[in-house]
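# Understanding the architecture of this molecule
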Amino acid sequence: MLRLLALIECGTRALITAAFGPESERELPYAKRLLPALDKTMLLLADAAFDGNEFLHAVHQSGARFLVRSGGRRVPTSAEHLGDGSYIARIGYGVLRVLLPVRVIEATLTVTLADGTVRTEQWRLITNLLDPVKYPATELVDLYHRRWQAETAYFSIKATMLDGRVLRSRSIDGLDQEVYALLTAYQALIRAGEDALTGRPDIPMERISFTVLLAAATDTVTASHGIFPSTLVDLVGTIGRAALSDLLPAHRRQRVKARTRKNPTSKYGPNAGHHPHKAHNYTVRTTVAFFAHGLKSRSWP
């Protein structure tokens, strides 16, 4: 098994850098390889696997800002409560226990499904954006949801491009070559989507479908059509025109699907069939609050 970590640009879903290797090595060591790509112009969005003290300090030292989800194992002590419901805390790292000031945002999310089902979740975000006036807590909670674009990019690489196939090489060098080929092809398609929007500032990159890009590129290569333009270079091209003719909706509905914890020994979970398989429309309400008794462990349906 292979583990791949990538730093992905929100909006375009383009790769900034990536690291990969054996799955036996956990996520944080790979994430540390991505740190040199960070700079002061960036805000890093990351999930709860990356809320380690030393890692957050390294991100802060790079000049980048971070907004990271934190788990229930962390027990921050409030040093100052702020007007928007968030609070300042200090987290330690290293042998000397140097303290890094961070802002902690705790919120309850109430999700109401179209069938009337209501569920609540507790969220805790940690950030080095300390000013609650410039960066209100509710806006940061909404912004954090854009992290899901990274999952979309992973799905495009692992599911859409591979389409159920596995890497074929039986050597480390061969596997490296295959992964680099996948990443290169993915990046080329994303850039083709960006080029298609040349002169169309009214269309955001989020409306460009990666599935359409891949299908158009496959058809073009298979038919050997439109690969070498006979006239001046056209940035839109055959792939771009296909993407522009089949844009994703401008306002996509909020949809949710029941999730279950994977069974490590069987694909048939103990609660298979107990939850709806179809996605449901939903509304979400965010309430920023201080969790005096800590954060509950994440629950699974």
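Scroll up for the structure.
Residues numbered from 1 in each chain as written. Predicted model: local features only at pLDDT ≥ 70, side-chain atom pairs only at ≥ 80, totals over all residues. Heavy atoms only, no water.

### Some thoughts on the overall build of the chain
To keep it simple, the criterion reads: Under the scheme used here, helices are H or I runs from DSSP no shorter than 4 residues and strands are E runs no shorter than 2 residues, and both carry numbers assigned from the N terminus. Partly exposed describes any residue whose relative accessible area lies between the buried limit of under 20% and the exposed limit of over 50%, with all areas from a 1.4 Å probe on protein chains only and scaled to the type maximum. By the convention used here, residues are in contact when the closest approach between their heavy atoms is within 4.5 Å. Using a 1.4 Å probe, accessible areas were evaluated by the Shrake-Rupley method; residue-level cover was limited to the displayed protein chains.
Helix and strand content of the chain: 7 helices and 10 strands. Looking at the chain as a whole, 36% of its 301 residues qualify as buried. The long-range share in the chain, meaning contacts at least 24 apart out of those at least 6 apart in sequence, stands at 56%. Roughly 18,600 Å² of accessible area belongs to the chain as shown, and the carbon and sulfur atoms make up 55% of that amount.

### Some thoughts on the nonpolar core
Worth spelling out the cut-off: Only buried residues count toward a nonpolar core, which is a set of Ala, Val, Leu, Ile, Met, Phe, Trp, Tyr and Cys residues joined through side-chain atoms within 4.5 Å.
Counting 51 residues, the largest nonpolar core has F55, V59, F66, V102 and Y186 as its most contacted members. When residues of this core are assigned to their parent elements, the largest contribution, 6 residues, is made by helix α5 (residues 172-196). Beyond its immediate chain neighbours, meaning those up to four positions away, F66 contacts L43, L44, L56, V59, H60, L100, V102, I126, T127 and N128. If you look at the next biggest cluster of nonpolar residues, it comprises 13 residues, including L67, W123, A137 and Y144.

### Describing the pattern of salt bridges
The line we're drawing: Just to be clear on terms, a salt bridge is a Lys or Arg side-chain nitrogen sitting within 4 Å of an Asp or Glu carboxyl oxygen.
Applying the stated criterion to the full structure yields 9 salt bridges. Across the salt bridge formed by E25 and R33, the nearest N and O atoms sit 4.0 Å from each other. On the basis of relative accessible area, R33 is assigned to the partly exposed category, the value being 46%. Between E206 and R146 there is a salt bridge whose closest N-O contact spans 2.8 Å. You can see E206 sitting in the loop between α5 and α6 (210-223) and its partner R146 sitting in the loop between α3 (137-144) and α4 (148-161), a full 60 residues away along the chain.

### A look at α4
This is how it is decided: Here the expected length of a helix is defined as 1.5 Å per residue gap, with one fewer gap than residues.
Here α4 spans 19 Å end to end across 14 residues, near enough to the 20 Å set by a 1.5 Å rise per residue. Among the residues making up α4, those that are buried are Q149, A150, A153, Y154, S156, I157, T160 and M161. Its buried side turned inward, α4 meets β1 (2-8), α5 and α6. Just beyond α4, the residue with positive phi is D163, at close to 50°.

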